[in-house]
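Spelled out from the first residue to the last, the chains are:
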Amino acid sequence: MRSLISILDFSVEELDALIAVAQDIIAHPEAYQTRCAHKKLATLFFEPSTRTRLSFEAAMLELGGSVIGFSQAASSSASKGESVADTAKIISCYADIIAMRHPREGAPYVASRNATIPVINAGDGGHNHPTQTLADLLTISRENGRLNGLTIGICGDLKYGRTVHSLIEAMSRYEGNRFVLISPEQLKLPGYVRRNVLDARGIPYAQTACLESAIGELDVLYMTRIQQERFDDPAEYERLKNSYVLTPEKMALGQPTLRVLHPLPRVNEISVKVDDDPRAAYFRQALNGKYMRMALILKLLEEAQADPVREEIDTSGFTYDGVCTNPKCISAVEQELPQIFRLTDSAAGIRRCLYCEQRLK
Ligand code: CP
């Protein structure tokens, strides 16, 4: 039995297979109508969501299954202090698969190590959002006709945007892609993503603050929202919130084959006047999310049926002497969680928190 916590949990072959299943669902929805009959999805959303929660629920219903869950922490026993680990054990008694969104980085990972059913990370703080990446991959594949040899511009909040980190991880694994990272200085891509993903794999990239100068060379423009909820300083958010607004005038600088994606919700970083441009793919992207979540639910339930034992993790590089200093890490609030660090770069002696991947200082 496997869970999906990071997009790196799946190989490129598995991602391609999921895209193929999603394409088949689109072509032959009737063939999938009862594939999850008598199965239950639990949607455990400790943080607000429209697309992710409802597309998961629609996905399970269209597969013939049913859905239980909650949409805010306040209506669960987390509000009484119940731990993520206990919640996962309890939900395993009632459902066949879990989709969890949580503001604490690493919370879905903790759930996956305690549940006896597959757990899907539906977004954990500013860390990962792998099912958004699945939606992004299907969208790029359908809209651009390929996943390789693309120039991908990512614009806005590259620091806190969890969808950005997962998308870069995924698209770096396809041949011939290059990135143009468009952000204000304060919201640049974190150094660990640049070093561990782009530099480590020799992926070409450029950094700029100017959308207008970059848009003409792009095959994909991935716009993102400035993530107000992740800022510690509200004044800093106010200064940066209108850094980029995509307008028809800026779209006129893009190629006819350009496709604009956005994980949504948008605030005002894409003018509604862009919506009727055929290159605006963000609403189609939200629909693609449902198909990829259908493919994912099928895959994880089939794997769990074939082998119900939780996948072992390799503990060989683990160390237990340190304290994670990320205030958003699940280990910062769940005091009984052991502090565990993984050696991620033995030459440089870099160790990272098992839950949130913050470097141990
Ligand atoms: N893209 C995305 O995660 O949207 P929601 O927050 O509405 O789920």
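This text follows the structure it describes.
This is a predicted model, so every value here is computed, not measured.

Caption draft 1: Here's a closer look at the overall build of the protein. Check the secondary structure of the protein and you find 11 helices and 12 strands. Computed over the C-alpha atoms, the radius of gyration of the protein is 20 Å, within 12% of the 21 Å expected from 2.2 N^0.38 for a compact globule of 361 residues. Taken along the three principal axes of its C-alpha coordinates, the protein extends 55 × 55 × 40 Å. For the protein, the residues scored as buried account for 55% of the 361 residues in total. Carbon and sulfur atoms form 50% of the exposed surface of the protein, whose accessible area is close to 15,400 Å².

Caption draft 2: Main features of the sheet that holds strand E1 (residues 40–45). Taken in spatial order, the 4 strands line up as E2-E1-E3-E4 in an open sheet, and their pairing is parallel. Two strands in the sheet have a free side with no partner beyond their single neighbour: strand E2 (66–70) and strand E4 (119–124). Each neighbouring strand pair of the sheet contributes to a mean axis angle of 15 degrees, computed without reference to strand direction. The pairing of E1 with strand E3 (residues 97–102) spans 5 bridges and is parallel. Counted as the bridge partner of Thr 43 is Ala 99 from E3. Where helix H3 (residues 84–91) meets the sheet, its contacts fall on E1 and E3, and the angle it forms with E3 comes to roughly 155 degrees. Where helix H11 (residues 282–306) meets the sheet, its contacts fall on E1, E3 and E4, and the angle it forms with E3 comes to roughly 125 degrees.

Caption draft 3: Quick peek at the sheet that holds strand E5 (residues 151–155). If you walk across this open sheet you meet the 5 strands as E7-E6-E5-E8-E9, and the pairing is parallel. Across the chains shown, the open sheet's two edge strands, defined by having one partner strand only, are strand E7 (205–208) and strand E9 (259–261). Averaged over neighbouring strand pairs, the angle between their axes works out to 20 degrees when direction is ignored. Pairing between E5 and strand E8 (residues 220–223): 4 bridges, direction parallel. Across the sheet, Gly 153 pairs through a bridge with Leu 221, a residue of E8. On the sheet, helix H5 (residues 130–144) packs against E8 and E9 and is oriented at approximately 170 degrees with respect to E9.

Caption draft 4: Representation of the packing of aromatic side chains in the model. Per the counting criterion, the structure on display carries 3 aromatic pairs. A centroid spacing of 5.2 Å and a plane angle of 65 degrees characterise the contact between Tyr 282 and Phe 283, whose relative ring orientation is edge-to-face. Its relative accessible area of 1% is what places Tyr 282 among the buried residues. The ring of Phe 10 carries the charged tip of Lys 299 above its face, separated from the ring centre by 5.1 Å.

Caption draft 5: Region of interest: the site of the ligand. The environment of the ligand is made up of Ser 49, Thr 50, Arg 51, Thr 52, Arg 101, His 129, Gln 132, Pro 263 and Leu 264. Arg 51 places a polar side-chain atom, nitrogen or oxygen, 2.9 Å from an oxygen atom of the ligand. At a separation of 2.9 Å, a nitrogen atom of the ligand approaches a polar backbone atom of Leu 264. Taken by itself the ligand offers 260 Å² of open surface, and the protein chains cover 91% of this. Partitioned by chemical class, the residues of the shell around the ligand number 2 nonpolar, 5 polar and 2 charged.

Caption draft 6: Here's a closer look at the nonpolar core. Ile 154, Ile 168, Met 171, Phe 179 and Ile 297 are the most contacted members of the largest nonpolar core, which totals 56 residues. For Ile 154, the residues in contact, after removing those within four places along its chain, are Val 164, Leu 167, Ile 168, Phe 179, Val 180, Leu 181, Ile 182 and Tyr 222. Core analysis: the second largest hydrophobic core is formed by 31 residues, Ala 95, Ala 115, Leu 337 and Leu 354 among them.

Caption draft 7: Summary view of a nonpolar patch on the surface. Residues Ile 68, Ile 90 and Tyr 94 make up a contiguous nonpolar surface patch of about 260 Å² in total accessible area. Here Tyr 94 lies in the loop between H3 and E3. Tyr 94 sits in the partly exposed class, given a relative accessible area of 49%.

Caption draft 8: The arrangement of the environment of Ala 31 in detail. Its place among the elements puts Ala 31 in the loop between helix H1 (12–27) and E1. Using a relative accessible area of 47% as the deciding quantity, one classes Ala 31 as partly exposed.

Caption draft 9: Representation of the side chain of Ser 331. Examined against the element boundaries, Ser 331 turns out to sit in the loop between strand E10 (318–319) and strand E11 (341–345). With residues up to four places along the chain from it excluded, the contact list for Ser 331 reads Cys 324, Leu 337, Gln 339 and Tyr 355.

Caption draft 10: Representation of the packing of H5 against H11. One can describe the packing of H5 onto H11 by two numbers: an axis separation of 8 Å at closest approach and a directional angle of 115 degrees. With respect to the hand of their crossing, H5 and H11 are arranged in right-handed fashion. Across from Thr 131, Gln 132, Leu 134, Ala 135, Asp 136, Leu 138, Thr 139, Arg 142 and Glu 143 in H5, the residues of H11 making contact are Arg 284, Gln 285, Asn 288, Gly 289, Tyr 291, Met 292, Arg 293 and Leu 296.

What counts, and where the lines are drawn
Residue numbering note: each chain is counted from 1, following its sequence as written. At least 70 in pLDDT is required for a residue's local features to be given in this predicted model, at least 80 for side-chain atom pairs to be given and counted, and no such filter applies to totals for whole chains, interfaces and linings, which use all residues. Hydrogens are left out, water is left out, and the side-chain values use all remaining heavy atoms of the structure. Numbering of helices and strands starts at the N terminus; helices are DSSP runs of H or I of at least 4 residues and strands are runs of E of at least 2. We compute the radius of gyration over the C-alpha atoms and compare it with the globule rule, which gives 2.2 Å times the number of residues raised to the power 0.38. Buried, partly exposed and exposed residues are distinguished by accessible area as a fraction of the type maximum, computed with a 1.4 Å probe on protein chains only: under 20%, between the cut-offs, and over 50%, respectively. Only the protein chains shown count as covering a residue, and every accessible area follows the Shrake-Rupley method with a 1.4 Å probe. Only strands joined by at least two bridges in the DSSP assignment are considered to pair. With axes taken as lines fitted to C-alpha atoms, and helix axes fitted only over the stretch in contact, angles between N-to-C directions fall between 0 and 180 degrees. By definition, residues are in contact when any of their heavy atoms lie within 4.5 Å. Only Phe, Tyr and Trp rings are paired, with Trp represented by its six-membered ring, and only when their centres lie within 6.5 Å; those with planes under 30 degrees apart are stacked, over 60 edge-to-face, the remainder tilted. Note on criteria: charge over ring means Lys NZ or Arg CZ within 6 Å of the ring centre, with the direction from the centre no more than 35 degrees off the ring normal. If a single non-hydrogen atom of a residue is within 4 Å of a molecule or strand, that residue counts as near it. Any pair of N or O atoms that falls within 3.5 Å is considered a polar contact. Within protein, one atom must be able to donate a hydrogen and the other to accept it, and sequence-neighbouring residues count only if both atoms are side-chain atoms. Each residue receives one of three labels: charged for Asp, Glu, Lys and Arg, nonpolar for Ala, Val, Leu, Ile, Met, Phe, Trp, Tyr, Cys and Pro, and polar for the others, Gly being one of them. Nonpolar cores are built from buried Ala, Val, Leu, Ile, Met, Phe, Trp, Tyr and Cys residues. Side-chain atoms within 4.5 Å join them into one set. Any residue with relative accessible area above 30% and no salt bridge may belong to a patch, with like charges joined within 9 Å and the nonpolar Val, Leu, Ile, Met, Phe, Trp and Tyr side chains within 5 Å. For salt bridges, the criterion is a side-chain nitrogen of Lys or Arg within 4 Å of an Asp or Glu carboxyl oxygen. Crossings are classed by handedness, with left-handed meaning an anticlockwise turn of the near helix from the far one by less than a right angle and right-handed meaning a clockwise turn.

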